[in-house]
Structure formats: structure tokens, C-alpha cells
Amino acid sequence: MSLAELICPAGTPAALRTAVDAGADAVYCGFQDATNARNFPGLNFTPDELAAAVAYAHHAGTKVLLALNTYPPAGKVDLWRHAAYLGVRYGVDAFIVADMGVADYIRHTHPLARLHLSVQAAASSPEAIRYYCENFGVKRVVLPRILTIPEIRQIRTEIPCEIETFIFGNHGLMVEGRCSLTNYLTGQSTNMDGVCSPASDVQYVRDTDGSMSSRLAGFTIDRFGPEEMAGYPTICKGRYAAPNRPEGYYAFEEPISLNLSRLLPELIDAGVHAFKIEGRQRSKSYVRNVVTAFRHAVDDIRAGRATNMSDLVALTEGQKQTQGAFETKKWR
Amino acid sequence: MAVKAMKPKLTLGPIAYHWSAHKNRDFYARIADEAPLDEVYLGEVICSKRAPFHEADLPATIERLERAGKTVVLSTLAEVMLKRERKATDDIAGLDAPEIEVNNAAGLYARGMRPHRVGPFMNAYNEATIDWMARQGATHVCLPTELPAEAIAIAARSARNLGLGVEVQVFGRASLAVSARCYHARAHGRTKDNCLFVCEDDPDGMPLKTRDDSPILRVNGIQTLSESYIDLLPELGRLAADGITHLRLMPQDVDMVGVTTVFRSVLDGKVATTEADMRLRDLCDGTTFSNGFYHGIAGYRRIAAAAST
């Protein structure tokens, strides 16, 4: 059986301490700049905060993974290099990388550093994963959320590194690291700036008939009737009209959360080494509840005890949830 | 090191859409005979289910284009997950000729150190990545469509110093995202496995409008494209001065021979940009143009280029 490490989000120093206290095996975090894919106002760490966070986590036996998982545009690579230098200096346990130039740099400049391949690299075949393992010494791949469990089981037999999968949280629909939707509408890039449907461009507008439009950079991503709750305008979760769907429909996906709690035993059996909980932008109490519940579930499964999955199901707070691609090919 | 600006080559990217075999044959016959292009990329990049429709015609298409003096390059799939996708990628990676363009790390793995081009889905955003790729046998790199002008100039200098060709898309819809899910099938209540190739009904992509009726995106199977066509005609001078060696036109369901001729006439200095832009508008009836990505603002936007660069 794999170790089934629990990898938990740390958007702030307080969330990091919360996740560590709740039993995370590892936490992942980033600096307050474009070097990571959650470059949101109010989130992330200053260098001093990271140093303190590593000390706190290591004291509790928890690992710290530093996300350097965006793509530097030409002329700005030094920002990513400096972030890697700081990570080494403060003793993070691994870097989560996507860009080949960044991976190549760390491999040569900090040969002892451990590299994980970010989901942003979109490595979804054994050949692609082996490319990163053989060239950059990648020790773990975070798999895109597009594979079924039988496919994961098969990949496991064909690659020389560990597998990490997302199990809970936001359900990204597009292949990560290949999405410019936000840049098309707002001028801020997910890949280069670490920004996705940024709050600074969001507007909720009450229309004369009482309905509410949620807009991003002036584009109506969805409209809600007076009795509906208006959702956040994430481009790939919006409702649009197509020629044969003039009334509007969720063209890509409904606003829905990924929750694989019921599939944990199967994922462990398939050889998944680490489970990732999404949500660096979520609150401390959310992190505490989710990490605590998954800690109990994973411990129960590892000890061969029955576990109460209903706690985990309840965590989505009434939001719709899905097992996404993991359960069936019909998702595609 | 100063690099002398040379006249860039004009290329035609691979067809992103699912056009019928018949439409494809006619298209490439006209392109071979009439379009003033230097290089043509062929092959299915978006959906592995479509490839069988065109395999039989491929050798004849390659021959016809080459006899017309055009360099042919075969492009590989952007997304590689299933067995058939891995095999398709392996098959192209094993070819000695024509040249190949790789769009997925699985293709890089299969190709090893043998010469290859790096496609726009490979995320060659910066000089460090281009340097790495050059050391692995890359001879040419197509930059990501969302890269702004300043970064393009730096990336181009670095690529040329390494002896690589460097390419930028100057016409056609921008690829904004790919997914494992087929959104064409979804719009028709189907899944990818039983799609019945409904994407063939939308040769320029399926239009999505916002709920207040503003055109925004186009769906092409697993791919999401921009509603607007990128048009960098006014920026061609700066691109050439910055050392871009290849300019890519993406096939849309319009008169692509006409489009190619417009770009060629500007490159050759025969037609002024403003007049050429008006001709391009006539050819692309009603579609909006954009250059926002190039100028580092929202991609859909269109701004007037600076008078001189």
C-alpha cells in the first residue's frame, strides 16, 4: 500500500499552521508574486513568512512544498530563479514546477532539491511523465484531473516516479497550463501571472427585471434569476448560448466541487502516493475542517477500519459535487 | 548581438477544425496551387478521433504541396492520453521526413534528440526553456499565442542566437484552452465517445454568446477558441525587426488564399497596411479582429499599433 500522504493548501501563514495542526503530511504554498498559480491579493508568503512557516512545519514533522508552477515570460525568468534560491535557503522539501526552463535551472543550480511536476505541466501520459523524470529528475507527478482510476493504475506501472492526485476542491475543467481564457478577457494571464478570473475584474449587476448578472471584465459570464444565488464569474463555469442551446447552458461545466472521498480506497489501491486538497484561497476554518476529516479518513483506511465518509461529503456545504473524470469516461 | 532583420516566411498552421475529407482535399489543392506560402503544417492537432478521416489523403496532400514548392511539416496532437493518441504521436515522431512539429511532451519523449520543431502548445514562454529545447534537438519554436511583444522580442533574439527559427501566429482564432472533455458533444447532449462527429457542422467553430447576446468564444471539440481573429498585419514590421523568422496564419473557414495574398503583399511592401487591413476585413465578413495579446492587454481587444517601431 502507498503512503497516501495528505497534501494540504496553505494560502497564508495562519492557514499553514492550521493545516499542520490538523495533521497534514505536507503543505504547499507560494510567494506573493507571479511565480505561483494562485497569485491572488492577500494570499501567499513573504520570504520571512516562508522561513517561519518552514520552521513551524518541520517542527511538527510536516513537509513544505513550494509552488513555482507558472511559466515565466521571456525577460522575467530571474524572478523564478530567485524564488528557487529562497526556497533552498529556507529548506523547503520540494519545488512544484511546470516550466522546463525553471526545472532545468533548479536541476543544475540546486542539484539536491527535490522536484515535483505541477499539474500545470499537463503531463497525462507515461511518455510525457518520463520526459520530465529522465530530464529533470522529477520525483513525483501531480496528475491532471482528466484520468479514470484504471488509467491511473496503468500509468503507475509505466513511470518511475510517485503520483499525486487532487481529491477535493475546485474542479478545473481545462487542461491546466494550457488555458488563456482569463488573459483573453482581462489581460492577466493564468500561465504568466498566476491569475484566474481575478476578483478585481468582477462585477455583480442588478438588472431591471430583478435578475443578477455576474460579470468579468464587462462580460456577462452568467445571469441569475431573482430566486437564484449569483455565482462567481469563473469563465469555464459560466452559462452561454449556443445555436442549438439559445436559452443558455453550462457550456463547459456546472459550478461544482471535486470530492473523491468515496474513491480513496481505490486510489490508494491504484498506487497513488499523495492526495492533494485544493484551496489555497479558502479560509482557515475550511482548511481545518477539510484536513481534519481527510486525516481521519486516510488513517482509517490505512488501519483497515471502516471510515465515516459522510463527514467528507458534508464538507462541500450544499454545493454540488462530482467525482469528475475519475469515475467514468462518460465525463469526457 | 544584433541580428539583421530578414523577410519572415509565411506559414499555414494545421486546420484546427473537423472539415470533411472532401473539404480538406479541395482546400489544400487550392493552397498548393494559389497561396503564396512558404510552409504548410498538416495533421490533426485537436482530436484523435478525427484523424482517420484524413489519413488516406495525407501522402497525396504532402506530395501536392511539396511539388508546389512549399515545405511541409507534420504536427502532432496537443493532448496525449489514450492509447491511440500515444501511438499517433509515436508514429509521427518516428518519421525522417517531412519535418515534424511536436505539441506534447509525449512527442518530445518519443523524438529524443532528433531534430524537430516545437509547437505552440508546448509552452516555450522564455529564453531558458528555448535554450533547453535547443539542446534537445529543437530547430524551431512557435511561441505561445498569448506572449506579449516585449517577451516575443527577447525570446526571438535568444532563439535566433541558438540558430532556431521562431514563429508567431499573426492571423486566425487564438487557441485559448483544451480539455479532456468534448464541448461540442456536450452541447448536443452527448459524450466524447459517442459524439457522432457533430463538430463537423461548425467549420469555423461553434459560437458561444454571453446571456446578454455578446459573442465571446468558439468551441471546437475539446478546444476553446477566441471569437475574434488575431490580426497582426499592422505589427508585421515590428515582428520582422524583432527577428521573427516565420509568421503563422491559422486556417479559418474563409478564403485563405485571399488572406495569404494580403499578408504576402504587405510583407513584399506592395500594399500599405491600412489598405491591406481593409481587404482582410472584406475577406473575413463580420468577424472582429484582435491584437490584445501582442500588446499585453486583454486578448480580445484591438488597438491601433504605434505609427513606427
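Residues numbered from 1 in each chain as written. Chains lettered and ligands numbered in written order. Predicted model: local features only at pLDDT ≥ 70, side-chain atom pairs only at ≥ 80, totals over all residues. Heavy atoms only, no water.

A.B. asks: What's the story with the nonpolar core in this structure? I'm lost.
C.D. replies: The nonpolar side chains of a soluble globular protein tend to be buried with one another. Judged by nonpolar contacts, the single largest core of 188 residues is most densely connected at Ile-31 and Leu-208 of chain B. The element contributing the most residues to this core is helix α10 (residues 284–302) of chain A, with nine residues. Among the domains, domain 1 (5–171 + 256–331) and domain 2 (186–250) of chain A are the pair contributing at least three residues each to this core. When sequence neighbours within four positions are dropped, the list of residues in contact with Ile-31 of chain B reads Leu-12, Leu-37, Val-40, Leu-65, Lys-70, Met-256 and Val-257 of chain B. (Core = buried A, V, L, I, M, F, W, Y, C linked by side-chain atoms within 4.5 Å. Buried < 20%, exposed > 50% of the residue type's maximum accessible area, 1.4 Å probe, protein only. Helix = DSSP H or I, 4+ residues; strand = E, 2+ residues; numbered from the N terminus. Domains from an automatic or database assignment. Contact = heavy atoms within 4.5 Å.)

A.B. asks: Before we go on, may I ask you to explain empty space enclosed by the protein in this structure?
C.D. replies: Over the atoms a probe the size of a water molecule is rolled, and this reveals where empty space is left. Residues and elements named next belong to chain B. Per the counting criterion, the structure on display carries five cavities of 30 Å³ or more. There is about 390 Å³ of room inside the largest cavity. Lining the largest cavity are 34 residues, and of these Pro-120, Phe-121, Thr-145, Ser-175 and Gln-223 sit closest to its centre. Every element with two or more residues in the lining of the largest cavity is listed here: β7 (165–178) and β10 (223–231). Looking at the lining of the largest cavity, the element that brings in the most residues is β7, giving six residues. For the lining of the largest cavity, a count of residues per class yields 19 nonpolar, 10 polar and five charged. (1 Å grid on protein atoms, 1.4 Å probe; cavity = no way out; pocket = protein on both sides within 12 Å on 5 of 7 lines; lining within 4 Å. Points joined across faces, edges and corners; volume = space filled by probe spheres on them. Nonpolar A, V, L, I, M, F, W, Y, C, P; charged D, E, K, R; others polar.)

A.B. asks: Sorry if this is basic, but what is going on with the domain arrangement of chain A here?
C.D. replies: By a widespread convention, an interface's size corresponds to the accessible area lost as its parts come together. Residue and element names in this part refer to chain A. Per the domain assignment, the segments of chain A are domain 1 (5–171 + 256–331) and domain 2 (186–250). Domain 1 and domain 2 are separated by 28 Å when their C-alpha centres are compared. The tally of links from domain 1 across to domain 2 stands at zero salt bridges. In terms of residue class, the side of domain 1 that touches domain 2 is built from seven nonpolar, six polar and one charged. (Salt bridge = Lys/Arg side-chain N within 4 Å of Asp/Glu carboxyl O.)

A.B. asks: Looking at this model, I keep getting lost on the pairing of strand β12 (residues 245–250) of chain A. Mind explaining?
C.D. replies: Two faces belong to every sheet, and in a regular strand the side chains alternate between them. Residue and element names in this part refer to chain A. Where strand β11 (residues 239–242) lies against β12, three bridges are found, and the strand directions are antiparallel. Within β12, the residue paired with Ala-242 across the bridge is Arg-245. Between β11 and β12, which pair antiparallel one after the other, the connecting turn spans two residues. (Pairing = 2+ DSSP bridges.)

A.B. asks: How should I be thinking about the interface of chain A and chain B in this particular structure?
C.D. replies: Every contact between the two is made by 67 residues of chain A and, on the other side, 63 residues of chain B. A buried area of about 5600 Å², summed over both sides, lies between chain A and chain B, and 57% of it is on carbon and sulfur atoms. The largest share of the area that chain A buries against chain B comes from Arg-178, Tyr-184 and Arg-332 of chain A, three residues that together contribute 15% of it. At the surface where chain A touches chain B, the tally comes to five salt bridges. (Buried area = accessible area lost by both parts, 1.4 Å probe.)

A.B. asks: Honestly, the packing of aromatic side chains in this entry has me stumped. Any pointers?
C.D. replies: Describing an aromatic ring pair means giving the distance of the ring centres and the angle of the ring planes. Within this structure, the stated rule accounts for 17 aromatic pairs over all chains. Ring geometry for Phe-168 of chain A versus Tyr-286 of chain A: centroids 6.5 Å apart, planes at 35 degrees, classification tilted. You can see Phe-168 of chain A sitting in strand β7 (residues 162–170) and its partner Tyr-286 of chain A sitting in helix α10, a full 118 residues away along the chain. Aromatic side chains Phe-27 of chain B and Tyr-28 of chain B sit 5.1 Å apart centroid to centroid with 75 degrees between the ring planes, which places their arrangement in the edge-to-face category. Residue classification places Phe-27 of chain B among the buried positions, given a relative accessible area of 12%. An aromatic cluster of at least three residues, connected via ring pairs, comprises Tyr-131, Tyr-132 and Phe-136 of chain A together with Trp-132 of chain B. (Phe/Tyr/Trp six-rings, centres within 6.5 Å; stacked < 30°, edge-to-face > 60°.)

A.B. asks: What should I look at first to understand the packing of helix α1 (residues 13–21) of chain A against α10 of chain A in this one?
C.D. replies: All names here are of chain A. Following both chains from N to C, one finds α1 and α10 inclined at 20 degrees, their axes separated by 9 Å at the closest point. Our classification of the angle between α1 and α10 gives roughly parallel. Two packed elements cross with a definite hand, and for α1 against α10 that hand is right-handed. Note on element contacts: α10 touches α1 through Lys-284, Val-287, Arg-288 and Val-291, opposite Ala-14, Ala-15, Thr-18 and Ala-19. (Axes fitted to C-alpha atoms, helices over the stretch in contact; angles between N-to-C directions. Parallel < 35°, antiparallel > 145°, perpendicular 65-115°, else oblique. Left-handed = near helix turned anticlockwise from the far one by under 90°.)

A.B. asks: So what exactly am I meant to see when it comes to the layout of surface pockets here?
C.D. replies: All names here are of chain B. In this structure, the second largest pocket occupies an estimated 620 Å³ of space. Only α1 (21–34), α2 (52–55), α3 (58–67), β3 (71–75) and α4 (83–93) provide two or more residues apiece to the lining of the second largest pocket. Counting residues per element, the lining of the second largest pocket draws most heavily on α4, which supplies six residues. In the lining of the second largest pocket, the residues fall into 12 nonpolar, eight polar and seven charged.

A.B. asks: Hey, could you run me through the sheet that holds strand β10 (residues 219–224) of chain A in this one?
C.D. replies: Adjacent strands of a sheet form backbone hydrogen bonds with each other and so pair up, either parallel or antiparallel. Residues and elements named next belong to chain A. If you trace the three strands from one edge of the open sheet to the other, you get β8-β9-β10, paired in antiparallel fashion. The open sheet is flanked by β8 (202–206) and β10, the only strands paired with a single partner. The sheet shows a mean angle of 25 degrees between the axes of neighbouring strands, taken without regard to direction. Across five bridges, β8 lies against strand β9 (residues 212–216) in antiparallel orientation. Considered in β9, the bridge of Tyr-204 is made with Ser-214.

A.B. asks: Just checking my understanding: could you explain the side chain of Ser-213 of chain A for this structure?
C.D. replies: Of note, Ser-213 of chain A is situated in strand β9. Within the structure, the side chain of Ser-213 of chain A is placed 3.0 Å from the side chain of Asp-207 of chain A, a separation counted as a polar contact. (Polar contact = N/O pair within 3.5 Å; in protein donor to acceptor, adjacent residues only side chain to side chain.)

A.B. asks: Please clarify how the environment of Glu-49 of chain A should be interpreted in this entry.
C.D. replies: Residue and element names in this part refer to chain A. Counting through the fold element by element, Glu-49 comes out in helix α2 (residues 47–59). It is 28 Å that separates the C-alpha atoms of Glu-49 and Met-100, two residues lying 51 residues apart in sequence. With near-sequence residues (within four places) excluded, Glu-49 lies in contact with Pro-13, Gln-32 and Asn-44.

A.B. asks: Just checking my understanding: could you explain helix α11 (residues 273–283) of chain B for this structure?
C.D. replies: Note: α-helices contain 3.6 residues per turn, so residues at a spacing of three or four share the same orientation. Residues and elements named next belong to chain B. Three or more residues of α11 are buried, namely Ala-276, Asp-277 and Leu-280. For α11, the arc enclosing every buried residue in end-on projection is 100 degrees, short of the 170-degree limit, so these residues lie on one face. Residues of α11 that are exposed and point more than 90 degrees away from the buried face comprise Thr-274, Met-278 and Asp-282. Of the surrounding elements, those touching the buried residues of α11 are β7, β10, α10 (256–267) and β12 (289–290). (Arc of directions from axis to C-beta.)

A.B. asks: Is there a simple way to explain the pattern of salt bridges in this structure?
C.D. replies: A side chain of one charge can pair with a side chain of the opposite charge if their charged atoms are brought near each other. Taken as a whole and judged by the stated rule, the model has 47 salt bridges over all chains. Here Asp-269 of chain A ties to Arg-153 of chain A by a salt bridge, and the two come within 3.2 Å at their closest N and O atoms. Of this pair, Asp-269 of chain A sits in helix α9 (residues 264–269) while Arg-153 of chain A sits in helix α6 (residues 149–158); the two residues are 116 residues apart in sequence, bridging distant segments of the chain. Among the residues examined, Asp-269 of chain A registers a relative accessible area of 55% and is labelled exposed. With relative accessibility at 34%, the residue Arg-153 of chain A sits in the partly exposed group. Ionic pairing is found between Asp-268 of chain B and Lys-7 of chain B, a salt bridge with its closest N-O pair at 2.9 Å. Residue Asp-268 of chain B is found in the loop between α10 and α11, and its partner Lys-7 of chain B is found in the segment before β1 (9–12); the two are separated by 261 residues along the sequence. Residue Asp-268 of chain B is classed as partly exposed on the basis of its relative accessible area, which comes to 28%. Owing to a relative accessible area of 52%, Lys-7 of chain B belongs among the exposed residues under this scheme. Here the residues in one salt-bridge network are Glu-5, Lys-63, Arg-114, Arg-140, Glu-162, Glu-164 and Lys-276 of chain A, joined through shared partners.

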